[in-house]
Amino acid sequence: MSLVKETKDTILLHRNIRFLRKQLKLSQEELGKRIGLNRGNIASYENGSAEPKICNLLKLSNLFGVPILDLTKRDLSVEDNLQAANEHYEAPSANEAELLGQFTKRAEELLNVINSIHTCFEYKTNSLDESTRASKSYQMAAMKFEELYDASEELAGNHKALIDFVKCHIKGK
């Protein structure tokens, strides 16, 4: 029995992966290597007992040269469907990879700035006398600073996750 709820989409997805892999004359092991997985992962996708994570779905889409929606929702063994899918596919450009590298570097720099500001705040706090740290106005400012720091860290983490997600799109080409 399949671990994945059988729907029309999952049936098409696993059939399309198998069909397109065979069209490229790749073994399950070769396909797995191309997208950073093992033969067992590909076998699980093809028999419908597992579905690819979105990052792997993007890699498959790019490798096969078909949009994700077509990979999941069209029977690509039908020649007209495959041709239409190929026509709708937009491959990532070389500039996208370079741009992602710049975004990654900038994200790391911003996270370093955020952490440096927090370290500076802690240093300044430790140099204050006890009565200043105990004042209501300082306590309020410190609380707001910590809230801002937490929100900045979360935003930076989300930014990094988005960059990593987009990298899947680029690496799969």
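The paragraphs below set out a description of the structure included in this document.

1. Examining the environment of Leu82
Here Leu82 lies in helix 6 (residues 79-88). Taking C-alpha positions, Leu82 is 9.3 Å from Leu71, a pair spaced 11 residues apart along the chain. Leave out the neighbours within four places in its chain, and Leu82 touches Phe19, Leu20, Gln23, Val66 and Leu76.

2. Focus: the packing of aromatic side chains
To describe a pair of aromatic rings, you give the distance between the ring centres and the angle between the ring planes. All chains considered together, the criterion is met by one aromatic pair. Both rings, one in Phe121 and one in Phe145, keep their centres 4.1 Å apart while their planes meet at 25°; by these two values the pair is stacked. Note that Phe121 is positioned in helix 7 (residues 94-127) and Phe145 in helix 9 (residues 136-171), a separation of 24 residues in sequence. Taken individually, Phe121 and Phe145 each receive the classification buried, so the pair is uniform in this respect.

3. Quick notes on helix 2 (residues 28-35)
Within helix 2 the residues assigned to the buried category are Gln28, Leu31, Gly32 and Ile35. Summarising the axial view, the buried residues of helix 2 lie within an arc of 100°, below the 170-degree limit, and thus occupy one face. Exposed side of helix 2, more than 90 degrees from the buried face: Lys33 and Arg34 are the residues found there. Positive backbone phi, at 80°, marks Gly36, one or two positions downstream of helix 2.

4. Examining the environment of Leu57
With respect to the helices, strands and loops of the structure, Leu57 is situated in helix 4 (residues 54-64). Residue class for Leu57 comes out buried when judged on its relative accessible area of 9%. Separated by 15 residues in the primary sequence, Leu57 and Thr72 have C-alpha atoms spaced 9.3 Å apart. Setting aside its immediate chain neighbours within four residues, Leu57 contacts Leu13, Pro52, Ile68, Leu71 and Thr72.

The rules we used
- Counting restarts for each chain, with residues numbered from 1 along the sequence as it is written.
- Local features in this predicted model are restricted to residues whose pLDDT is 70 or higher, and side-chain atom pairs enter the listing and the counts only when it is 80 or higher, whereas totals over whole chains, interfaces and linings include all residues.
- Working from all heavy atoms in the structure, the side-chain values ignore hydrogens and water.
- Secondary structure counts use DSSP, requiring at least four H or I residues in a row for a helix and at least two E residues in a row for a strand, with both numbered from the N terminus.
- Only heavy atoms enter the contact rule, under which two residues are in contact if any of them lie within 4.5 Å.
- The pairing test for Phe, Tyr and Trp rings, Trp by its six-membered ring, is centres within 6.5 Å, and the orientation test on the planes gives stacked under 30 degrees, edge-to-face over 60, and tilted for anything in between.
- Under the scheme applied here, a residue whose accessible area is under 20% of the maximum for its type counts as buried, over 50% as exposed, and between as partly exposed, the area being computed with a 1.4 Å probe on protein chains only.
- Arc, as used here, means the arc of the directions from the helix axis to the C-beta atoms.

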